[in-house]
Amino acid sequence: MPPRKIIIDTDPGQDDAVAILLALASPEELEVLAITTVAGNVPLALTSRNARVVCELAGRTDIPVHEGATQPLKRALVTAEHVHGKTGLDGAELPDPELAVAAQPAVEAIVHHIRREPPGSVTLCPLGPLTNIALALQHAPDIAERLAGIVLMGGAYFEVGNITPAAEFNIYVDPEAAEIVLKSGVPVTILPLDATHQALITKERLDAIAAIGTPVTEAVAGWMDFYERFDLEKYGSAGGPLHDPCVIAYLLRPDLFEGRHINVEIETGSDLTRGMTVADWWRVTDRAPNATFIGTVEANGFFALLTERLARL
Ligand code: RIB
Ligand code: CA
């Protein structure tokens with residue numbers, strides 16, 4: 001079976017970086033057509049730098065990195081240096097990239113690849129705010145029916161919010177973009193905090209990755225040591241949640257995940273609940289299902305996959 005063609009839209013971010021590494025370590029299953037960057041965890045200049053740093057760390061300077069939106073569709077940018085540090089990749093000292101940003105802007109690149117590849121062959125993998133995806137759908141509505149699907153990290157239901165009491169960060173930053181994506185008709189799969197908070201990189205799991213002893217796993221170990229502080233302090237959890245790698249792991253091993261095809265709407269009106277993903281998990285409305293909302297991940301299988309793949313780089 002030929003590898004699935006994907007475009008990773010991202011705001012690195014240590015967990016984004018691990019997701020990118022997982023994808024690049026899986027060439028038999030995934031062909032990364034491009035990486036597109038968006039402002040989110042840190043401003044665009046840094047997310048673009050960080051995406052190129054990760055590609056060079058993985059030895060994949062052939063991957064084009066296209067710059068996208070500097071801010072959400074309508075709102076002021078909210079960033080998350082409190083989680084990811086000033087650079088967005090705190091925890092490992094890596095040199096500035098030599099790889100240049102691709103000349104084509106992110107939205108044009110997304111539309112170009114989807115129109116060029118056979119219908120139903122490209123999957124978008126957003127790991128940050130959905131601004132670039134929404135802009136692409138607005139500028140080129142024809143791509144909606146050509147896409148195989150969108151598999152994104154964002155939202156929460158039972159877990160509720162991590163940036164406000166009601167909302168998860170990616171959706172909170174650009175709720176209007178999330179609404180456009182969920183109303184697009186594209187098959188959408190959501191990896192929310194409900195699932196990603198089960199993928200905790202405990203000390204044992206991190207030690208297993210660090211024991212591989214390569215420059216890649218040394219960087220991952222440094223990133224995780226820094227990145228997990230926020231969740232340990234906030235939730236008292238046993239390790240940092242690997243949010244974004246769940247998107248790539250879902251493509252590689254969907255059997256590790258379980259969810260429901262339900263209706264998910266986005267709060268865009270209220271300031272109090274801005275960005276809340278109103279997931280009709282119990283099907284109490286007659287609103288049409290529009291997303292596969294993932295509720296669980298088998299964490300040991302997830303980390304076995306991640307560890308085995310990182311060892312390949
Ligand atoms: O809420 C978690 C999400 O926000 C992850 O994608 C993390 O990288 C940040 O972007
Ligand atoms: Ca992210």
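All values derive from a computational prediction rather than experimental measurement. (Residues numbered from 1 in each chain as written. Chains lettered and ligands numbered in written order. Predicted model: local features only at pLDDT ≥ 70, side-chain atom pairs only at ≥ 80, totals over all residues. Heavy atoms only, no water.)

(A) Up close: the pairing of strand β2 (residues 30–37). Most of β2 sits out of view: 7 of its 8 residues are buried. In terms of handedness, the path from strand β1 (residues 4–10) via helix α1 (residues 14–24) over to β2 forms a crossover that is right-handed. Bridge count for β2 against strand β3 (residues 65–67) is 3 bridges, and the pairing is parallel. Looking across to β3, one finds that Thr36 is bridged to His66. Following the backbone out of β2, through helix α2 (residues 44–57) and into the adjacent parallel β3, one traces a crossover that is right-handed. (Buried < 20%, exposed > 50% of the residue type's maximum accessible area, 1.4 Å probe, protein only. Helix = DSSP H or I, 4+ residues; strand = E, 2+ residues; numbered from the N terminus. Right-handed = clockwise from strand over helix to strand, strands pointing away. Pairing = 2+ DSSP bridges.)

(B) Representation of the packing of α1 against helix α12 (residues 245–252) in the model. Remark: α1 packs on α12, axes separated minimally by 7 Å, with the N-to-C direction vectors making an angle of 25 degrees. Between α1 and α12, the interaxial angle falls into the category roughly parallel. Listed contacts from α12 to Asp15, Val18, Ala19, Leu22 and Ala23 of α1 are Pro245, Ile248, Ala249 and Leu252. Its residues assigned to classes, the contact of α1 with α12 comprises 8 nonpolar, no polar and 1 charged. (Axes fitted to C-alpha atoms, helices over the stretch in contact; angles between N-to-C directions. Parallel < 35°, antiparallel > 145°, perpendicular 65-115°, else oblique. Contact = heavy atoms within 4.5 Å. Nonpolar A, V, L, I, M, F, W, Y, C, P; charged D, E, K, R; others polar.)

(C) Representation of the coordination of the calcium ion (ligand 2) within the structure. Coordination of the calcium ion (ligand 2) by the protein comes from Asp11 (OD), Asp16 (OD), Asp16 (OD), Leu127 (O) and Asp244 (OD), over a distance range of 2.2 to 2.6 Å. Within one chain, the residues donating to the calcium ion (ligand 2) are spaced in sequence as D-x4-D-x110-L-x116-D. Here Asp11 is found in the loop between β1 and α1, whereas its partner Asp244 is found in the loop between β8 (240–241) and α12, with 233 residues between them in sequence. (Donors = N, O, S within 2.8 Å, 3.2 Å for Na, K, Ca; no water.)

(D) The arrangement of the pattern of salt bridges in detail. Taken as a whole and judged by the stated rule, the model has 13 salt bridges. With its nearest N and O atoms 2.8 Å apart, the salt bridge here joins Arg75 to Glu176. Remark: Glu176 occurs in helix α8 (residues 175–182) and Arg75 occurs in the loop between β3 and α3 (81–84); sequence separation between them is 101 residues. Residue Arg75 shares its accessibility class with Glu176, and that shared class is buried. A salt bridge links Arg309 to Glu308; its shortest N-O distance comes to 2.8 Å. Here Arg309 falls in the buried class, since its relative accessible area comes to 9%. Linked through salt bridges whose partners overlap, the residues forming this network are Lys5, Glu31, Arg116 and Glu117. (Salt bridge = Lys/Arg side-chain N within 4 Å of Asp/Glu carboxyl O.)

(E) Representation of unusual backbone geometry. Positive phi outside glycine occurs at Val160, with the angle close to 45 degrees. One can find Val160 in the loop between β5 (147–153) and α7 (169–173). Phi is positive for Arg283, close to 50 degrees, though the residue is something other than glycine. Topologically, Arg283 is positioned in the loop between β11 (277–279) and β12 (291–297).

(F) Molecular detail of the sheet that holds strand β6 (residues 188–191). With mixed pairing, 8 strands are arranged side by side in an open sheet as β3-β2-β1-β4-β5-β6-β12-β9. Two strands in the sheet have a free side with no partner beyond their single neighbour: β3 and β9 (257–262). Looking at each pair of strands side by side, their axes are set apart by 25 degrees on average, direction ignored. Of the pairings in the sheet, the one linking strand β4 (residues 122–126) to β5 comprises 3 bridges and is parallel in character. By the bridge assignment, Thr123 is partnered in β5 with Gly149.

(G) Focus on the site of ligand 1. Taken together, 13 residues lie around ligand 1, and Asp15, Leu127, Asn162, Glu168 and Asp244 are the ones closest in. A distance of 2.7 Å is found between an oxygen atom of ligand 1 and a side-chain nitrogen or oxygen belonging to Asp15. Here an oxygen atom of ligand 1 sits 3.1 Å away from a polar atom, N or O, in the side chain of Asn41. Out of a free accessible area of 270 Å², ligand 1 has 96% covered by protein chains. (Near = heavy atom within 4 Å. Polar contact = N/O pair within 3.5 Å; in protein donor to acceptor, adjacent residues only side chain to side chain. Areas by Shrake-Rupley, 256 points an atom, 1.4 Å probe, with all protein chains shown as cover.)

(H) The environment of Asp207, seen in detail. Within the secondary structure, Asp207 sits in helix α10 (residues 203–210). Classification of Asp207 as partly exposed rests on a relative accessible area of 38%. Along the chain, Asp207 and Ala221 lie 14 residues apart, while their C-alpha atoms are 8.1 Å from each other.

(I) Here's a closer look at the pairing of β5. The buried fraction of β5 is high, at 6 of 7 residues. In this structure, β5 lies alongside β6, joined through 4 bridges in parallel fashion. Bridge pairing links Val151 to Thr189 in β6.

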